[in-house]
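Observations on the three-dimensional arrangement
One letter stands for each residue in the lines below.
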Amino acid sequence: MCTGKCARCVGLSLITLSLVCIVANALLLVPNGETSWTNTNHLSLQVWLMGGFIGGGLMVLCPGIAAVRAGGKGCCGAGCCGNRCRMLRSVFSSAFGVLGAIYCLSVSGAGLRNGPRCLMNGQWGYHFEDTAGAYLLNRTTWDWCKAPPRVVPWNVTLFSLLVAASCLEMVLCGIQLVNAIIGVFCGDCRKKKDTPH
């Protein structure tokens, strides 16, 4: 596969994954779809750190767009030099995207490990923090959180989605990083169509 076609394919995948992360993080702000918990101090720290919005979202959206542009043909670089410049830009963007995916993975992993901030036995806190993630395997403990309602399955589902998406983003950004480096040094293998004189 040509470096240009590969960049375009990877870029479109990164854009899709970044939008998934943004939506998942937005849903974490409204546990069980109820907006009444957003203005309170009852959401976990990992939700407010916006790992899906900032890291897996915006920081990966930029390399996704850069990769699509590197794989296309535009006014800035109709020739070989312009394509190499776009590929070079994609190298730096992909490295930035790897950092964003790592941030998203770190925050989401911590969110899964610590569990949600919820009301249990009349006290607000991180009641699953001491279980080191063992609560994930014991669904009977999930109902112990009384408020926000159904916050444990909500957080587990969305943080798991963010972990999976950020892992895919890291792999794709790494692929695009290598692809773009090859594109900088070797150029694009696509043949130019003959233009009539």
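Residues numbered from 1 in each chain as written. Predicted model: local features only at pLDDT ≥ 70, side-chain atom pairs only at ≥ 80, totals over all residues. Heavy atoms only, no water.

Turning our attention to the overall build of the chain. A tally of helices and strands in the chain yields 5 helices and 2 strands. Taken from N to C terminus, the helices and strands of the chain fall in the order α-α-α-α-β-β-α. A total of 197 residues make up the chain; the buried ones form 46% of that total. As presented, the chain carries roughly 10,200 Å² of accessible surface, and 67% of it is formed by carbon and sulfur atoms. (Helix = DSSP H or I, 4+ residues; strand = E, 2+ residues; numbered from the N terminus. Buried < 20%, exposed > 50% of the residue type's maximum accessible area, 1.4 Å probe, protein only. Areas by Shrake-Rupley, 256 points an atom, 1.4 Å probe, with all protein chains shown as cover.)

This paragraph deals with the packing of aromatic side chains. Between two aromatic rings, the relevant description is the distance of the centres plus the angle of the planes. Applying the stated criterion to the full structure yields 1 aromatic pair. Arranged with centres 4.7 Å apart and planes meeting at 20°, the rings of Phe 128 and Tyr 135 form a pair that is stacked. (Phe/Tyr/Trp six-rings, centres within 6.5 Å; stacked < 30°, edge-to-face > 60°.)

On to the side chain of Asn 155, then. Among the secondary structure elements, Asn 155 is positioned in helix 5 (residues 151-186). Excluding its chain neighbours within four sequence positions, the residues that come into contact with Asn 155 are Leu 28, Ser 44, Pro 116 and Ser 160. (Contact = heavy atoms within 4.5 Å.)

Our next topic: the UniProt feature "transmembrane region" (unreviewed entry) in the chain. In the numbering used here, UniProt assigns the feature "transmembrane region" (unreviewed entry) to residues 7-28, 48-70, 91-112 and 158-185. For residues 48-70, the end-to-end C-alpha separation is 34 Å, with 91% helix and 0% strand making up the annotated structure. Annotated as residues 158-185, this span is 100% helix and 0% strand, and its ends, taken at the C-alpha atoms, are 40 Å apart. (UniProt positions renumbered as here; feature names shortened; annotations may be inferred.)

Here Arg 69 shows up in helix 3 (residues 51-71). The spacing of Arg 69 and Asn 83 is 14 residues in sequence and 9.2 Å in space, taken between C-alpha atoms. Beyond its immediate chain neighbours, meaning those up to four positions away, Arg 69 contacts Arg 86 and Arg 89.

What follows concerns the packing of helix 1 (residues 3-28) against helix 3. Direction vectors running N to C along helix 1 and helix 3 enclose 160°, while the axes themselves pass 7 Å from each other. Considered as vectors, helix 1 and helix 3 are oriented roughly antiparallel to each other. The two elements helix 1 and helix 3 cross, and the hand of that crossing is left-handed. In terms of residue class, the contact of helix 1 with helix 3 is made up of 15 nonpolar, 10 polar and 1 charged. (Axes fitted to C-alpha atoms, helices over the stretch in contact; angles between N-to-C directions. Parallel < 35°, antiparallel > 145°, perpendicular 65-115°, else oblique. Left-handed = near helix turned anticlockwise from the far one by under 90°. Nonpolar A, V, L, I, M, F, W, Y, C, P; charged D, E, K, R; others polar.)

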